[in-house]
Amino acid sequence: MIDLRSDTVTQPTDAMRRAMADAEVGDDVFADDPTVRRLEETVAGLLSKEDAMYVPSGTMSNQIALRLHTRPGDVVLAAAGAHIDTHEMGGANALAGLTINQLPAKRGTFTAQQVTAALPDPPKSIPPYLVQPVSLVEVENTHNGAGGTIWPLAQLDEVSAAATAGGAATHMDGARLWNAAVATGVSEAEFAAGFHTVSVCFSKGLGAPVGSALIGSAELIATARRFKQMYGGGFRQAGIIAAGALYALNHHRDRLSDDHVNASRLAAGLAETPGVELDLSSVETNIVYFEVTTKTAAEFCDQLLDEGVAMLPLGAHKVRAVANLMVGSADIDAALKAIGRALVA
Ligand SMILES: *Cc1c(COP(=O)(O)O)cnc(C)c1O
């Protein structure tokens, strides 16, 4: 099976499994798991922030950040189609009591002007208690729903500056920040500089089995630890899985460029396939979205599965494929042949 559904389907490598088997562990809830602590210090250092907190998932990391920066009844600004809005089961509303103001986005990005225009600036005739505070601006880099697209650094810095000038905190959902860094040469720390907190995933392209981290100032992360506990994220001898994350961080970041080359190769082949529509310029990292025009995405993906290739149907005709650690360039060529067969089946 050539599995292109997601970059989360990867299996730990033998070397990663050995690192996990050998991991020194303690009780994470008592803050004495040395491997978890080493992972937290390493990732905080990579992003040039004071501290980090290892958590079971990117969803938990984002949800803790939302809770951390806001009070129930506040507004968070985010791009339409943001993961916090579309994939986190209403957590922003249910767990943090927030209203999400969805900004119209271009490839997952919005502008400082849009942020400023969305921040409240009431005239004197309106009592302040009638104004819902915008306490957080959230960005996603790379943007999953837009196709793994990258925020231009200058635009990102303008957005965080506009948020800060308006008194709002800033959070970056950097589940795939590693991909943005490898694709652009801009470091994770540079992307993170204007943001109070950043969430990163170890279990996406890096190929670790479990976990994410929330990164920020020592003061913010100290408070975040209380919410981790509240949300049931205290995970005891988590050093076993933190060792996989640490291994991935130290050994699998550079190889993300292989995934980007493979995604481009797949996209180029798809663009030349009759019955497929694809905007080549939208493929910036490891995610490829395309439309099948002659059948539904569900039919296409079922037929493709019979050919030994898995992709995700994400709309009536929209399909997602994600290059990942388990898929080499020969697999991409085999997948393209299978796609040709599935389209005429
Ligand atoms: C996968 C993902 C998350 C959540 O990560 P989980 O570990 O699956 O909960 C958050 N944001 C983005 C952009 C993602 O792609």
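Up top you'll find the structure we're talking about.
Residues numbered from 1 in each chain as written. Predicted model: local features only at pLDDT ≥ 70, side-chain atom pairs only at ≥ 80, totals over all residues. Heavy atoms only, no water.

Asker: Explanation requested: the overall build of the protein chain in the structure shown.
Answerer: If you tally the helices and strands in the protein chain, you get 14 helices and 13 strands. With respect to the three principal axes, the spread of C-alpha positions in the protein chain is 65 × 55 × 35 Å. In the protein chain, which comprises 345 residues, the proportion classed as buried is 53%. Partitioning the intrachain contacts of the protein chain with sequence separation of at least 6 by distance along the chain shows that 75% fall at a separation of at least 24. Accessible area for the protein chain stands at about 14300 Å²; split by element, carbon and sulfur atoms hold 53% of it. Across the protein chain, 25 positive and 39 negative side-chain charges occur, with their mean positions spaced 2 Å apart. (Helix = DSSP H or I, 4+ residues; strand = E, 2+ residues; numbered from the N terminus. Buried < 20%, exposed > 50% of the residue type's maximum accessible area, 1.4 Å probe, protein only. Contact = heavy atoms within 4.5 Å. Areas by Shrake-Rupley, 256 points an atom, 1.4 Å probe, with all protein chains shown as cover. Lys, Arg positive; Asp, Glu negative; His and termini not counted. Charge placed at Lys NZ, Arg CZ, Asp CG, Glu CD.)

Asker: Can you walk me through the packing of aromatic side chains in this structure?
Answerer: The geometry of two aromatic rings is summed up by the distance between their centres and the angle between their planes. Summed over all chains, the structure comprises 4 aromatic pairs. For the ring pair Tyr54 and Phe202, a centre distance of 6.0 Å and an interplane angle of 55° mean the geometry is tilted. Linking Tyr54 in strand β2 (residues 51-55) with Phe202 in the loop between β7 (197-201) and β8 (212-216), this pair joins segments that are 148 residues apart in sequence. As far as burial versus exposure is concerned, Tyr54 and Phe202 are alike and both buried. Look at Tyr54 and Phe235: their rings are 5.1 Å apart centre to centre, the planes differ by 40°, and that puts the pair in the tilted class. Highlighted residues: Tyr54 in strand β2 and Phe235 in the loop between α10 (218-230) and α11 (239-251), separated in sequence by 181 residues. Each member of the pair, Tyr54 together with Phe235, is buried. A network of ring pairs unites the aromatic residues Tyr54, Phe202 and Phe235 as a single cluster. (Phe/Tyr/Trp six-rings, centres within 6.5 Å; stacked < 30°, edge-to-face > 60°.)

Asker: Just to check I follow, could you spell out the packing of helix α13 (residues 297-306) against helix α14 (residues 329-344) for this structure?
Answerer: For any two helices packed against each other, one specifies the crossing angle of their axes together with the interaxial distance. It is the contact of α13 with α14, at a shortest axis distance of 9 Å, that shows an interaxial angle of 125°. Judged on the interaxial angle alone, α14 and α13 are oblique. The two elements α13 and α14 cross, and the hand of that crossing is right-handed. Here α13 contributes Phe300, Gln303 and Leu304 to the contact with α14, which in turn contributes Ala338, Ile339, Ala342 and Leu343. (Axes fitted to C-alpha atoms, helices over the stretch in contact; angles between N-to-C directions. Parallel < 35°, antiparallel > 145°, perpendicular 65-115°, else oblique. Left-handed = near helix turned anticlockwise from the far one by under 90°.)

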